[in-house]
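# Observations on the model geometry
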Amino acid sequence: VERHIHASRDEKRKGYTRSRAISLLSFFPELRVRNILQRLLRDTSSDVRRIAIYTLARTFGDPGSASLVDRVAHAIRDSEASVRTFALRSLRWIRHQRAVGLLKEVAEKHKDRGLRRLAATTLKRRKF
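Now for a look at the structure at hand.

Conventions adopted
- Residues numbered from 1 in each chain as written.
- Predicted model: local features only at pLDDT ≥ 70, side-chain atom pairs only at ≥ 80, totals over all residues.
- Heavy atoms only, no water.
- Helix = DSSP H or I, 4+ residues; strand = E, 2+ residues; numbered from the N terminus.
- Rg over C-alpha atoms; globule rule 2.2 N^0.38 Å.
- Buried < 20%, exposed > 50% of the residue type's maximum accessible area, 1.4 Å probe, protein only.
- Contact = heavy atoms within 4.5 Å.
- Areas by Shrake-Rupley, 256 points an atom, 1.4 Å probe, with all protein chains shown as cover.
- Lys, Arg positive; Asp, Glu negative; His and termini not counted.
- Charge placed at Lys NZ, Arg CZ, Asp CG, Glu CD.

### So, the overall build of the protein chain
Helix and strand content of the protein chain: eight helices and zero strands. Order of helices (α) and strands (β) in the protein chain, N terminus to C terminus: α-α-α-α-α-α-α-α. Relative to its length of 128 residues, the protein chain is compact, with a C-alpha radius of gyration of 14 Å against a globular reference of 14 Å. Counting across all 128 residues of the protein chain, residues that qualify as buried make up 42%. Across the protein chain, the fraction of contacts at a sequence separation of at least 24, relative to all contacts at a separation of at least 6, is 57%. Carbon and sulfur atoms make up 47% of the accessible area of the protein chain, which totals about 7,600 Å². Of note, the protein chain has its 31 positive side-chain charges centred 5 Å away from the centre of its 13 negative side-chain charges.

Okay, structure coming up:
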């Protein structure tokens, strides 16, 4: 876990290496991993932010929490389209009623037609 944490935070590493390290952190559902993933949501690299939000939701979404849904909602407003898309997809893995509400809201009201469609599809794919 330490090597993955170090690689995920090392801005000198290439995007793929950082993204892969972040993804592999999902095997360690620990508080320190959650904290690292939350810090990575503020990274300057959109590649890092998008995999960090998805990994955070996938790893800590069951049981989910209102604060996790709030972090995803914030990521849906990111300046980069890929981050918004990954954030929306991550709602599939969060077992919390607010996640369902956010998906419905985006599906019905978001200005981006592509995100509206993705929200509707993600809502159908939820397992719980």
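### With respect to the side chain of D43
Tracing the backbone shows D43 in the loop between helix 3 (31–40) and helix 4 (46–60). Since its relative accessible area comes to 9%, D43 is described here as buried.

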